[in-house]
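# Descriptive structure summary
Listed here are the chains, written in short residue letters.
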Amino acid sequence: MKRWLFAFMLTGLLALMGCSRSAETETAEETPAMPEETAAEEETSGIKVIEGAGENNDRTVSVRIVDGENPALPGRVPKKVRGIYITGPMSGSPEAFQNILDSAAGTEINTVVIDFKDDEGRITCQIDSPVVTEIGACRPYVKDIKSLIASLKERGLYVIARVVAFRDPYLAEQKPEWSLHLADGSLYRDRQGMAWVDPYRKEVWDYLVEVGTAAKEAGFDEVQFDYIRFSTESGMSDVVFDEAVTQGRSKMDVITEFITYAYENLASQGLFVSADVFGTIIGSEIDANAVGQSYTEMAMHLDYICPMIYPSHYSTGNFGIEHPDTQPYDTVLGALTKSREVLEAAAEADGHVSSQAIVRPWLQDFTASYLGEGNYISYGDAEVAAQIQAVKDAGYDEWMLWSAANRYHFGQLGPAEEPQD
């Protein structure tokens, strides 16, 4: 364990400095040795601050140190999340938002995930932050975010900032030099006309950390990255990447490097850090390579990993089920059983388990009628409860409900937990 902790610290430090895996040996030789006191304290749980790092000995970095007895970092108290998603417009509509919260009162719902940087790349409240201010990214649905968060915490709620990462049409338009381009120099756009920023660019990483820092200052407990991946549409084959920027790194390399970078910068401020991932990457190398998400690698560098295991997202035959959307319990159980298998196999291969993120899945609270007759069922109280039971039966404790329309079914949820002293 002692050797592993030191190795993990060094790996985190190198990743924070932007090293690619193909260049790890060369960079390691250039990196000054850690101070002697670092090695002496390597078994201390939490964040270790290392000063005098970097090529010019002028950087201060924070390295994650975790053990099985203390999965949380100093100053952070983990909460077993049972949450719902709230859009920016809904969070800025006091009466409608309060109606949702009142409906959830008395149930086991203890968390809200609020759009902070939304699917269009806009910040949903007014913040004063360098690049955000420069490009005018704020579209303040919420007039006073600090007061809103304070009111949510008065209700005993844990508050998560959803930050959409690399599908950012607003940043892409404002900073085209940070964006994905086609051979003719035009911006790459997906089928919805959304431009994407380039996950390989360090400037984009720093912008996302800037946004995460602003979320912390607003009072959020956690930053949850979404769209932390590459676009998967056919037009991506026409995107021209700059080899001077990619430096031979694969999609998986760079997504994992970003996660590590963001984690070290945000967790050291007291935030929990999580990321949403496609449920289909669990055990599928084809899907994982397409989006750049390695389930086991990402789990090494996060507090929570959040697979989106909506039954409607699985095709015919997955987990031996003809129409997965029609069998919510079996589909969710199949997905999370696979999650446990691959994480346990990775832990056994590495000889440890303490570095893994907690698995906190997204569950479906919407009806996927677009699948066509016979391929879907209406989702209500019973279907939500069935998925939650599958989470429990798979050996997991936490979950979140997704409804883009913010219409939720609380009828069969468990009662609120008694507050702990």
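Anything mentioned here points back to the structure above.
Residues numbered from 1 in each chain as written. Predicted model: local features only at pLDDT ≥ 70, side-chain atom pairs only at ≥ 80, totals over all residues. Heavy atoms only, no water.

## What about the overall build of the protein chain?
For the record, the criterion: The helix count covers DSSP runs of H or I at least four residues long, the strand count covers runs of E at least two residues long, and both are numbered beginning at the N terminus. Residue burial is assigned from relative accessible area. The probe radius is 1.4 Å, only protein chains are included, and a residue is buried under 20% of its type maximum, exposed over 50%, and partly exposed in between. Every residue pair with non-hydrogen atoms within 4.5 Å of one another is taken to be in contact. Accessible surface is estimated by sampling points in the Shrake-Rupley manner with a 1.4 Å probe; for residues, cover comes only from the protein chains shown.
For the protein chain, the count of helices and strands is 15 helices and 13 strands. Every one of the 421 residues in the protein chain was classed for burial, and the buried ones make up 55%. Excluding contacts between residues fewer than 6 apart, the proportion of contacts in the protein chain whose partners are at least 24 apart in sequence is 75%. Roughly 18,100 Å² of accessible area belongs to the protein chain as shown, and the carbon and sulfur atoms make up 47% of that amount.

## Some details on helix 9 (residues 202–218)
Every α-helix winds through 3.6 residues per turn, so residues three or four apart in the chain are directed the same way. Let me state the cut-off plainly: What a helix should span is 1.5 Å times the count of its residues minus one.
Between its terminal C-alpha atoms helix 9 stretches 24 Å, which fits the 24 Å expected from 17 residues at 1.5 Å a residue. By the burial criterion, the buried members of helix 9 are Val204, Trp205, Tyr207, Leu208, Val209, Glu210, Val211, Gly212, Thr213, Ala214, Ala215 and Ala218. In the stretch just after helix 9, Gly219 is the one whose phi turns positive, near 115°.

## Here's the deal with the pairing of strand 6 (residues 138–142)
Consecutive residues of a regular strand have side chains that alternate between opposite faces of the sheet. Note the threshold: Here, any two strands with at least 2 DSSP bridges between them count as paired. Look down the strands so they point away from you; if going from the first strand over the helix to the second traces a clockwise path, that crossover is right-handed.
Two strands pair when backbone bridges link them, and strand 5 (residues 123–125) and strand 6 are joined in this way by 2 bridges, in the parallel orientation. Bridging across to strand 6, Ile123 finds its partner in Cys138. Regarding topology, helix 6 (residues 130–135) serves as the crossover connection from strand 5 to the parallel strand 6, and that connection is right-handed.

## Some details on the packing of aromatic side chains
How we decide: The aromatic pairing rule takes the rings of Phe, Tyr and Trp, using the six-membered ring of Trp, and pairs them if the centres are within 6.5 Å, calling planes under 30 degrees apart stacked, those over 60 edge-to-face and the rest tilted. Charge-over-ring contacts are defined here by two conditions on Lys NZ or Arg CZ: a distance within 6 Å of the ring centre and an angle within 35 degrees of the ring normal.
Applying the stated criterion to the full structure yields 15 aromatic pairs. Taking the centre distance of 3.9 Å and the plane angle of 10° together, the rings of Tyr85 and Trp402 count as stacked. Note that Tyr85 is positioned in strand 3 (residues 82–86) and Trp402 in strand 13 (residues 399–402), a separation of 317 residues in sequence. Between the aromatic rings of Trp196 and Tyr227, the centroid separation amounts to 6.0 Å while the plane-to-plane angle is 70°, which identifies the pairing as edge-to-face. Pair noted here: Trp196 is in the loop between helix 8 (169–174) and helix 9 and Tyr227 is in the loop between strand 8 (222–226) and helix 10 (243–246), with a separation of 31 residues, a long-range link. The exposure class assigned to Tyr227 is buried, which follows from its relative accessible area of 17%. Lying over the aromatic face of Tyr396, Arg340 brings its terminal NZ or CZ to 4.5 Å of the ring centre. Arg360 extends its terminal NZ or CZ atom over the ring of Tyr304, reaching a point 3.9 Å from the ring centre.

## Details of the pattern of salt bridges
In plain terms, the rule: In what follows, salt bridge is the name for a side-chain nitrogen of Lys or Arg lying within 4 Å of a carboxyl oxygen of Asp or Glu.
For the structure shown, the criterion picks out 20 salt bridges. We note a salt bridge from Asp206 to Lys202, for which the minimum N-O separation is 3.1 Å. Pair noted here: Asp206 and Lys202 are both in helix 9, with a separation of 4 residues, about one helical turn. Classification of Asp206 as partly exposed rests on a relative accessible area of 31%. A salt bridge links Glu344 to Arg340, with the shortest nitrogen-to-oxygen separation between them at 3.7 Å. Linking Glu344 with Arg340, this pair stays in helix 14 (residues 328–350), spanning 4 residues, or about one helical turn. Overall, Arg340 belongs to the partly exposed group, its relative accessible area being 29%.

## Topic: unusual backbone geometry
Not every positive phi belongs to a glycine, and Tyr227 is a case in point at roughly 50°. Positive phi, close to 55°, is recorded for Phe319, a residue that is not glycine. Under the relative-accessibility criterion, Phe319 is labelled partly exposed at 36%.

## Examining the environment of Val211
Secondary-structure assignment places Val211 in helix 9. By relative accessible area, which is 0% here, Val211 ends up buried. Through-space distance from the C-alpha of Val211 to that of Val223 is 9.4 Å; in sequence the pair is 12 residues apart. Leave out the neighbours within four places in its chain, and Val211 touches Phe116, Lys117, Ile123, Val132 and Val163.

## Some details on the side chain of Asp168
Positionally, Asp168 belongs in the loop between strand 7 (158–164) and helix 8. Judged by relative accessible area, Asp168 falls into the buried class, the value being 1%. Look past the residues within four positions of Asp168 in its chain and what remains in contact with it is Lys117, Glu120, Gly121, Ala195, Trp196, Val197 and Tyr207.

## Considering the nonpolar core
Worth spelling out the cut-off: The term nonpolar core refers to a set of buried residues drawn from Ala, Val, Leu, Ile, Met, Phe, Trp, Tyr and Cys, joined through side-chain atoms within 4.5 Å.
Counting residues in hydrophobic clusters, the biggest one holds 118 residues, and the most contacted among them are Phe116, Phe166, Phe220, Phe225 and Ile228. Those residues within four positions of Phe225 in sequence are excluded, and the remaining contacts are Val163, Leu208, Phe258, Ala262, Leu266, Val273, Ser274, Ala275 and Asp276.

## Comments concerning the side chain of Arg249
Put simply, the test is: Polar contact criterion, stated in full: a pair of N or O atoms within 3.5 Å, where within protein one must be able to donate a hydrogen and the other to accept it, and residues adjacent in sequence count only if both atoms are side-chain atoms.
Its location among the elements puts Arg249 in the loop between helix 10 and helix 11 (251–267). Of the residues examined, Arg249 reaches a relative accessible area of 9% and is grouped as buried. A distance of 2.7 Å separates the side chain of Arg249 from the backbone oxygen of Val245, its partner in a polar contact.

## Side note on the environment of Ser284
For Ser284, the position within the fold is in the loop between strand 9 (272–278) and helix 12 (285–291). When the C-alpha atoms of Ser284 and Ser294 are compared, they prove to be 9.4 Å apart, with 10 residues separating the residues in sequence. A distance of 3.3 Å separates the side chain of Ser284 from the backbone nitrogen of Asp287, its partner in a polar contact.

## A few points about the packing of helix 9 against helix 11
Which entries qualify depends on this criterion: Simply put, an axis is a line fit to the C-alpha atoms, just over the touching stretch for a helix, and the angle between two N-to-C directions goes from 0 to 180 degrees. Each crossing gets its handedness from the near helix: less than a right angle anticlockwise from the far helix is left-handed, clockwise is right-handed.
For the pair helix 9 and helix 11, interaxial distance at closest approach is 10 Å and the crossing angle is 35°. The two elements helix 9 and helix 11 cross, and the hand of that crossing is right-handed. Across from Lys202, Trp205, Asp206, Leu208, Val209, Gly212 and Thr213 in helix 9, the residues of helix 11 making contact are Val254, Glu257, Phe258, Tyr261, Ala262, Asn265 and Leu266.

## Considering the pairing of strand 9
Most of strand 9 is tucked away, with 6 of its 7 residues classed as buried. Note that strand 8 and strand 9 share 4 bridges and pair parallel. Its bridge partner lying in strand 9, Val223 is registered against Val273. With 5 bridges joining them, strand 9 and strand 10 (residues 304–308) adopt parallel strand pairing. Looking at the pairing, Ala275 lines up with Ile305 of strand 10.

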